[in-house]
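Residue-level structure breakdown
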Amino acid sequence: MKRWVKWSALAVPVVAIGYVWIGVDVRPHVEYVPEEVVEEVDSTLLPPDVYGIPMSGFTLVEGKVKPGATFGDLLAEHGVPMTTVHALVDEAAPQFDVRRLRSGHPYAFIFPADSAHKPSYFVYEADRVEYVVFGLQDGELSVRTGKRPVKTTEHQIACTVTGALYNDLARAGADPALAMHLAEVFAWTVDFYRIQKNDVFTVVYSEETVDGHRHGSPRILAARYNSGGRIKEAFRFGEGKAVQYYDAEGNSQRKAFLKAPLKFSRISSGFSGRRLHPVQKVMKAHLGTDYAAPYGTPILAVGDGVVEKAGRTGGNGNFVKIRHNGTYSTQYLHMRKILVRQGQRVSQGDVIGEVGSTGLATGPHVCFRFWKNGVQVDHRKEEFPSAEPVAKEQRASFDRLRDSLGTKLDEAELALAQGRLVNF
Ligand SMILES: [Zn+2]
């Protein structure tokens, strides 16, 4: 049931109001919410084919898995002998673990028209797309999975920010999950903490539907952010793992980090779970990398961002912490002098302080700390997004794609200006 796993991972996130504003990189997700199915309804007017089973000569009884109900309970309740249940569990094992039955998910029993006591099939809906059909006929127990067709459609929408982007998108008729995806696409170029009222987001995106219901996550093909005439654009281009978002000139949306916060230095202590603390002389984790350099050496911001903290604590001494985007932050400790203020915007390579030995330090160095989604990681082991532009040989096809998507963005923007919706 690979499909199920995939579904869970991509499950449509319900983004809390203001989610994007607080920039937390945790994605809440909701269980698959099945359509309302009337409990235990005998249906006589059935389509000719249900779950790939020709229905002539059969009747269908539908229901939803009750909380706490097991596969065995359900089948026993509908007249399937326990010996058959056990045999089915084994039969199903390679494809479907029957312990994964979830409450609230729809199921169906299919009975021969001439017997209301002995079902021929049991069908369980694992999600909107995939279902599992258990054949219950004597001597020919079987298990197979089936899929409903998934339809992909393209949409374009322009949306004026009035409050939380999530709500504005929902009001405009788009999948509000786009808010989170926009924050990812523009993570390096737009500060989502500083979005203003009347800014406009325009998006061309594709989404999948199953039986007319949204399925999975929307995919942004192109996006434009207009903040008082300052425009940022992103176009999705590439294949497989190489897919990236580029600006109109074909430059990557992503920005690399400098490898170190000092131009010339040596690493005096690496990142580790445990080390002997040079001052406290006890074993402690060292969740940073120390770069030793003479007093006064300029300390550089490794990437664009906003100074989140600039201050002093006993252990850290004078320090600066920079938030680069919703995912990454960096911190620089033991400064002799801090050269930035809290709230200040900095660019990659800006001097933010001078090397010192304030706080718990034996000699002049910067203790450089790198945070990813709120957790300190060894930045030298991280794989950062490539910031390479579109390759020369792909430039022509990128330009064609950008032009066609750009036209769609223009259309959506024009429609917003004229107060109508396109493609909805
Ligand atoms: Zn350190």
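The structure we're discussing is the one just above.
Side note on the pairing of strand E12 (residues 230-237)
Pairing geometry for strand E11 (residues 213-227) and E12, over six bridges, is antiparallel. The residue bridging Ala223 from the neighbouring strand is Ala234, located in E12. Linkage of E11 to E12, two consecutive antiparallel strands, is achieved through a turn of two residues, within which Gly228 is found at a positive phi near 55 degrees. Between E12 and strand E13 (residues 244-246), which pair antiparallel one after the other, the connecting turn spans six residues, and Gly238 there sits at a positive phi close to 110 degrees.

A short note on helix H6 (residues 178-185)
Residue pairs three or four apart in sequence face the same way in an α-helix, which turns once every 3.6 residues. Burial of H6 is extensive: six of the eight residues sit out of reach of the surface. Along H6, the positions that sit buried rather than exposed are Leu178, Ala179, Met180, His181, Leu182 and Val185.

Section: the side chain of Gln376
Structurally, Gln376 is set in strand E25 (residues 375-377). Among the polar contacts listed, one links the side chain of Gln376 to the side chain of Arg369, at a separation of 3.5 Å. Not counting the four nearest positions on each side in its chain, Gln376 is found in contact with Phe271, Leu287, Arg369, Phe370 and Trp371.

Looking at unusual backbone geometry
Peptide bonds are mostly trans, and most non-glycine residues show a negative phi. In this structure, Asn198 takes a positive phi of about 75 degrees despite not being glycine. Along the chain, the position of Asn198 falls in the loop between H6 and strand E10 (200-210). Of note in the backbone geometry, Asn373 takes a positive phi value of approximately 50 degrees without being a glycine. With respect to the helices, strands and loops of the structure, Asn373 is situated in the loop between strand E24 (365-372) and E25.

Looking at the environment of Val390
For Val390, the location among the structural elements is in the loop between E25 and helix H7 (395-417). By relative accessible area, which is 9% here, Val390 ends up buried. A C-alpha to C-alpha distance of 6.5 Å links Val390 and Asn251, two positions 139 residues apart in sequence. In this structure, Val390 is in contact with Phe237, Tyr246, Gly250, Arg395 and Phe398, ignoring residues within four places of it in sequence.

Considering the coordination of the zinc ion
The zinc ion binds to the protein through His286 (NE2), Asp290 (OD) and Cys367 (SG); the donor distances cover 2.0 to 2.2 Å. On the primary sequence, the residues serving as donors to the zinc ion are separated as H-x3-D-x76-C. Residue classification places His286 among the buried residues on the basis of a relative accessible area of 2%.

Some thoughts on helix H4 (residues 82-92)
Buried within H4 are the following residues: Thr84, Val85, Leu88 and Ala92. Projected onto a plane normal to the axis of H4, the buried residues spread over an arc of 100 degrees and lie on a single side. Residues Thr83, His86 and Asp90 are exposed on H4 and point more than 90 degrees away from its buried face. Packed against the buried residues of H4 are helix H3 (71-77), strand E7 (130-135) and strand E8 (142-147).

Here we look at the packing of aromatic side chains
Scanning all chains against the criterion turns up 22 aromatic pairs. Ring geometry for Phe96 and Phe134: centres 6.4 Å apart, planes at 65 degrees, overall edge-to-face. A residue pair is termed long-range when its members are at least 10 positions apart, and Phe96 in the loop between H4 and strand E5 (106-112) and Phe134 in strand E7 qualify at 38 residues. Each of the two residues, Phe96 as well as Phe134, counts as buried. Aromatic side chains Phe237 and Tyr246 sit 6.3 Å apart centroid to centroid with 70 degrees between the ring planes, which places their arrangement in the edge-to-face category. Here Phe237 matches Tyr246 in class, with each residue buried. An aromatic cluster is defined as three or more aromatic residues linked by ring pairs; in this entry it consists of Phe71, Phe96, Tyr107, Phe109, Phe111, Phe122, Tyr124 and Phe134. The ring of Trp371 has Lys321 sitting right over it, with the charged end atom 3.7 Å from the ring centre.

A word on the sheet that holds E12
In space, the five strands of this open sheet follow the order E9-E10-E11-E12-E13, with antiparallel pairing throughout. Strands with a single pairing partner mark the edges of an open sheet, and in this sheet they are strand E9 (151-160) and E13. Neighbouring strand axes in the sheet, compared pairwise and without regard to direction, differ in orientation by 30 degrees on average. Taken together, the 10 bridges between E9 and E10 define a ladder with antiparallel strand orientation.

A short note on the environment of Met180
Of note, Met180 is situated in helix H6. Separated by 15 residues in the primary sequence, Met180 and Leu165 have C-alpha atoms spaced 9.1 Å apart.

Thoughts on the pairing of E7
Burial analysis of E7 places six of its six residues in the buried class, the great majority of the element. Burial of E7 is two-sided: the residues Glu130, Val132 and Phe134 facing one way and the residues Tyr131, Val133 and Gly135 facing the other way are all buried. Examined bridge by bridge, strand E6 (residues 121-125) and E7 share five bridges and lie antiparallel to one another. Of the residues in E7, the one forming a bridge with Tyr124 is Val132. Hairpin connection of E6 to E7: four residues between the antiparallel strands. Where E7 and E8 come together, six bridges link them in antiparallel fashion. Its bridge partner lying in E8, Tyr131 is registered against Gly146.

Analysis parameters
Each chain has its residues counted from 1, following the order in which its sequence is written. Thresholds applied to this predicted model are a pLDDT of at least 70 for local features of residues and 80 or more for the giving and counting of side-chain atom pairs; totals over whole chains, interfaces and linings are not thresholded and use all residues. Neither water nor hydrogens contribute to the side-chain values; these are computed over all heavy atoms in the structure. Strands are labelled as partners when DSSP assigns at least two bridges between them. Here a helix means four or more residues in a row that DSSP labels H or I, a strand means two or more in a row labelled E, and each is numbered from the N terminus. Relative accessibility under 20% of the residue-type maximum defines a buried residue, over 50% an exposed one, and the middle range a partly exposed one, all with a 1.4 Å probe and only protein chains included. Nitrogen and oxygen atoms within 3.5 Å of one another constitute a polar contact, given that in protein one can donate a hydrogen and the other can accept it, and given that sequence-neighbouring residues count only through two side-chain atoms. Pairs of residues are marked as contacts when any of their non-hydrogen atoms sit within 4.5 Å. Each metal's donors are the N, O and S atoms found within 2.8 Å of it, except that Na, K and Ca use a 3.2 Å limit; water is left out, so coordination can look incomplete. The arc in question is traced by the directions running from the helix axis to the C-beta atoms. Two rings belonging to Phe, Tyr or Trp (six-membered ring only in the last case) form a pair when the distance between their centres is within 6.5 Å. Interplanar angles under 30 degrees mark stacking, angles over 60 mark edge-to-face geometry, and anything in between is tilted. Each ring is checked for a lysine NZ or an arginine CZ that lies within 6 Å of its centre and within 35 degrees of its normal; such an atom marks a charge sitting over the ring. Helix axes are fitted only over the stretch in contact, all axes being lines through C-alpha atoms; the angle between N-to-C directions runs from 0 to 180 degrees.

Scope: geometric values only; no functional claims are made or implied.
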